[in-house]
Amino acid sequence: MVLGGLEKLGRLVLYSLEEAGKIMMLFLSAVAWAVRPPWRFHLIIKQMEFVGVKSIFVVVLTGTFTGMVMTLQLFHGFRLFSAESLVGSTVALAMTRELGPVLSSLMVTARAGSAMAAELGTMRVTEQIDALYVMATNPVKYLIVPRVIASIIMMPILTVVADFVGVVGSYFVGVSILGINAGTFMKNINKLVVLDDIFNGLIKAAVFGLILSLIGCYKGFNTRGGAEGVGRATTEAVVLASITILVSDYFLTALMF
Amino acid sequence: MFSLSSEAKVGLFVLVALIILGYMSFQVGQHGFSFKRGYLVETVFDNATGLDKDASVQIAGVEVGRVESISLKNGKALVVLRIKPDIQLEKDVSAAIRTHGILGDKYVEITPGTIKTAFIPDGGAIEQVNRPADIDRMLSQFALITEDIRAVTSSLRNVLGGEAGESSIREILTNMRELTRSINTVVARNDDKIADVVENLKSASKEMEGTFIALNQVAQGLKKGEGTLGQLLRDKETGEKLSKTISSLQDVTEKISTGKGTFGKLVNDEETAKNLSDSLAGINRYVNKAEQYRTYLSYHGEYLFDTSNAKSYLDVRIQPNPDKFYLLGVVTDPRGRRTLRDYTTGGVTTRVEEYDKSGFLFNAQIGKRFKDIAIRGGIMESTGGVGLEYFAFNDKLRLSFDAFDFSSDRRAHLKGMAEFQIFKYIYLSGGWDDFISNQGNSSPFAGISIRFEDDDLKYLMTTTPIPK
Amino acid sequence: MIKLIGLNKSFGKQKVLDNLNLEIESNKTTVIIGRSGGGKSVLLKHIIGLIKPDSGSVLVDGEDIARMNDRELNDIRRKFGMLFQEAALFDSMDVGENVAFPLKEHSKMTKEEIRKTVAERLAAVGLAGVESKMSSELSGGMRKRVGLARAIALLPEIVLFDEPTSGLDPVMAEAINQLIKETQRNFNLTCVVISHDIESIFKIGDRIAMLYEGKIIEAGTPAEIRATTNPVLRQFLTGSIEGPIKII
Ligand SMILES: Nc1ncnc2c1ncn2[C@@H]1O[C@H](COP(=O)(O)OP(=O)(O)OP(=O)(O)O)[C@@H](O)[C@H]1O
Ligand SMILES: [Mg+2]
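Residues numbered from 1 in each chain as written. Chains lettered and ligands numbered in written order. Predicted model: local features only at pLDDT ≥ 70, side-chain atom pairs only at ≥ 80, totals over all residues. Heavy atoms only, no water.

### A word on helix H4 (residues 87-125) of chain A
Okay, step 1: In H4(A), a bend of some 55 degrees at Met95(A) exceeds every other bend along the element.
Okay, step 2: Looking at the residues trailing H4(A), positive phi occurs at Glu127(A), about 65 degrees. (Bend = angle between axes of the 7 residues up to and from the residue. Helix = DSSP H or I, 4+ residues; strand = E, 2+ residues; numbered from the N terminus.)

### Remarks on the environment of Ile318(B)
All names here are of chain B.
Okay, step 1: One can find Ile318 in strand E9 (residues 309-321).
Okay, step 2: Owing to a relative accessible area of 22%, Ile318 belongs among the partly exposed residues under this scheme.
Okay, step 3: For the pair formed by Ile318 and Leu328, sequence separation is 10 residues and the distance between their alpha carbons is 8.3 Å. (Buried < 20%, exposed > 50% of the residue type's maximum accessible area, 1.4 Å probe, protein only.)

### Digging into the sheet that holds strand E3 (residues 29-34) of chain C
Residue and element names in this part refer to chain C.
Okay, step 1: Spatially, E6-E7-E8-E3-E9-E10 is the arrangement adopted by the six strands of the open sheet, whose pairing is mixed. Of all the strands in the sheet, the pair left with one neighbour each is strand E6 (80-83) and strand E10 (215-220). Averaged over all pairs of adjacent strands, the angle between their axes in this sheet comes to 15 degrees, without regard to strand direction.
Okay, step 2: Helix H1 (residues 40-47) rests against E3, E6, strand E7 (158-162), strand E8 (190-194) and strand E9 (207-212) of the sheet, and its axis sits at about 160 degrees to E7. (Pairing = 2+ DSSP bridges. Axes fitted to C-alpha atoms, helices over the stretch in contact; angles between N-to-C directions. Contact = heavy atoms within 4.5 Å.)

### What about the interface of chain B and chain A?
Okay, step 1: Opposite the 37 residues of chain B that make contact, chain A presents 37 residues.
Okay, step 2: Taking both sides of the interface into account, the surface hidden between chain B and chain A amounts to around 3,400 Å²; carbon and sulfur atoms contribute 79%.
Okay, step 3: Taking the shortest distance from any N to any O, the salt bridge between Glu49(A) and Lys9(B) comes out at 3.0 Å.
Okay, step 4: Of all elements in the fold, only helix H1 (6-27), strand E8 (294-304), E9 and strand E19 (443-453) of chain B reach the threshold of two or more residues within the side of chain B that touches chain A.
Okay, step 5: If you tally residues by element for the side of chain B that touches chain A, the top one is H1(B), at 13 residues. (Buried area = accessible area lost by both parts, 1.4 Å probe. Salt bridge = Lys/Arg side-chain N within 4 Å of Asp/Glu carboxyl O.)

### Quick look at the packing of aromatic side chains
Okay, step 1: Going through the model one piece at a time under the given rule, you end up with six aromatic pairs over all chains.
Okay, step 2: Seen in terms of ring centroids, Phe90(C) and Phe101(C) are 5.1 Å apart; in terms of plane orientation they differ by 55 degrees. Their pairing is tilted. Here Phe101(C) lies in helix H3 (residues 95-106) and Phe90(C) lies in the loop between E6 and H3, a separation of 11 residues in the sequence.
Okay, step 3: A relative accessible area of 2% places Phe90(C) in the buried class.
Okay, step 4: For Phe101(C), a relative accessible area of 4% gives the class buried.
Okay, step 5: By the ring-pair criterion, three or more aromatic residues cluster together here, those being Tyr142(A), Phe90(C) and Phe101(C).
Okay, step 6: The side chain of Arg111(A) reaches across the aromatic face of Phe50(A), ending 4.9 Å from its centre.
Okay, step 7: The ring centre of Phe391(B) lies 4.0 Å from the NZ or CZ of Arg369(B), which sits over that ring. (Phe/Tyr/Trp six-rings, centres within 6.5 Å; stacked < 30°, edge-to-face > 60°. Lys NZ or Arg CZ within 6 Å of the ring centre and 35° of its normal.)

### Notes on the sheet that holds strand E2 (residues 14-24) of chain C
Okay, step 1: What the four strands build is an open sheet, ordered E2-E1-E4-E5 (chain C); its pairing is antiparallel. With one partner strand each, in any of the chains shown, E2 and strand E5 (63-64) of chain C form the two edges of the open sheet.

Below, the structure is given as structure tokens:
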């Protein structure tokens, strides 16, 4: 009984290590293929459109409402200390440092990371990936490199938008509805938020972009077992990428701030 | 309906985001002239406690610059201010460090001068510095006063406080009462006697007066050198000797304190002191290290470019003391473990290599370290081998060279690599694997490792970062 | 010449290839026949390095594909074309882009030349003018033919066909057989064809090989095969239920 449990645990640890190792290897191989010409810019642009442009809506929506809700909540707490004017800067700090990158990455994981896993998974089970190999086109270079590069570029850009609309939402609720003084609202943002907050958030976002695309591609690329396998790969990709994003956020924060 | 191409959509989106980013970066801190415009002015404060880089510089409450840097100069704080280019400071301005409110930030307040013709140039200095007459000094004064008060009250408390104090006071009071009562009775009984005593005292004091006058005369005589003692004290030679002795004594102490002479050197020389403390620290370190039994857990992945293979290493490194270690680990090699087998088809024998891909390869090595160089030996990837390592930059950089798999039918497996620490636990590496291979296995590789010490793991799991 | 030596391949406990040996001659058409699920597709994928053998060698012009790394494989695959059993068309692309893919990737043709070549290849498989249909909108037989057009688009030295005529009507099947035969002759290609269609194997095959229980049990010219005494092969060719081949 006890031994059985231990064995299961051991197997789980080995399995996770193996997965981590394989993802790392896929990353290194993607780097190796990415630096080797020819470069397919149109594929990267296509993926940038898919990952970035088509995610604008969800990112704007989550960003705005996060900013608005936080403002509403903070306002009632801060009023107890007559610190309403600090609401804006608190929301701005939270958005730029954490919520902007993390929430938009989670949204993009759900939208694009899952799609990557599903698309590559389908290509795997219908032998389209084999067909690429056969036509002397390396699928890592053709399929994975553009997705990873596009995600690394687009995640920070989406995060800029999320940060911005978050603060705009906060301004709207705080100033227009709750009646915080507009001048002090902006002045405190100006005083307490620094450029490094924004840029560190964007670096995080780039790392999250790498994580979500790499895991989405990895799960799709290694799909086994027909339509069911594709479904499983998609779910696993979203779960694993979300967890990895949240955990790595902790370590990135520890390293940066 | 017109539709945009992917390129146009992406381009448009990126452009909009960049504009937003530009706008945001102007709305947050460090904007305006933080981009290194304006000129520099130096000031020296006795104390710059609480003043930060980038703190505000104000005249009459209007920001005219920021603090560029704070450093130490001759035991005082040298504060360099960056002043907006359109602000001119008169030669006789004065600067002071002040605080916004009680808990507010520190800033530098500049009081305008009166000479309206001469101004401080770039790189110039503000001569007049006001001592902080603000909350800080008040607080420190307060602290002194309260300290005194506390000292007094605490000694009072020691006397009065507590049961012992109380009872002794009560005792004293009773004694006093009794004393006065008995004095009273004594006085009442011996009225006449007392009068006598008083009379006696009177005459005694008169006599005393006479004695004093005589004493005075003796002293005067001494001063003039009369009598033996007087002569001794007045003697010139003796006096000189005495003063010489005193001055040489002074010399010695001076020498000691200025660091001359062996003893003085020992006491005063900074280097000696540093040596001493260094060697103490060294001993300390050694003792500490000797006590340390460290374990490292590491994962290392390598991607071999030419053979498009990936290898993973999972190692435990046990280090009972700083110059000795054991290394245990498993390696996954997609090429697998090699065996040779012969096939015979139509009378022709073909020797075919077979690779068992399921199994792990093993590492079990023992190593010894001599300063910056370490040698290792034992089982490498399930064959015998030796390795050499060189450490530099506080062990941040590691160069290693391994040789193993000395089988007869092919060349030994040689591997050289360099590994550099980029973050606390993360290392990047690169090198050349199997570089004299005659099997086509030679390949450059890039790798990444994660290495934890057992303590690090604890640290990572328990310390929550506190954002500033 | 392609030479398979001592190939072994198992999936878990199932042994699919068992010390298989076969020589495929250059500039000829070799047909591989065998039971459904007997490992023909697996064998074909070994030839092009999509599956690596547990042991044994696959020599293509003297080079061992089983020992090659990704990059070397990538280079040698330029000699190959392959039609997959399920066509494996890229469903994110339309028919024209599918056929044009190898041309875009590996030839220096201009856009116009590519367009013309694509139209020619599609016409050859009886699908003129379907360039702009999405590949997900095609019937099974059409997919197969588009796959075929894509496989021979670059006229590679070696073409592997996994059941090119299955799922086609008899007239179309005959037309495809003709196309394979003609292309092979005109461009002197080496073709490996998997087929269950007994009639067509004798028409297009210069050599025929039978895969049974993980081994090639017989290989020879159509005449030799017709005259075989091997009971397994006899049963297979006549399609009778009686014989050494067990259905269950
Ligand atoms: N990737 C794989 N994983 C596990 N088993 C496999 C795999 N590919 C093929 N097999 C098994 O190997 C055997 C041979 O399959 P293969 O596709 O080669 O058959 P086939 O001869 O092409 O049959 P058919 O004529 O029906 O296409 C089958 O039993 C199949 O289940
Ligand atoms: Mg098949």
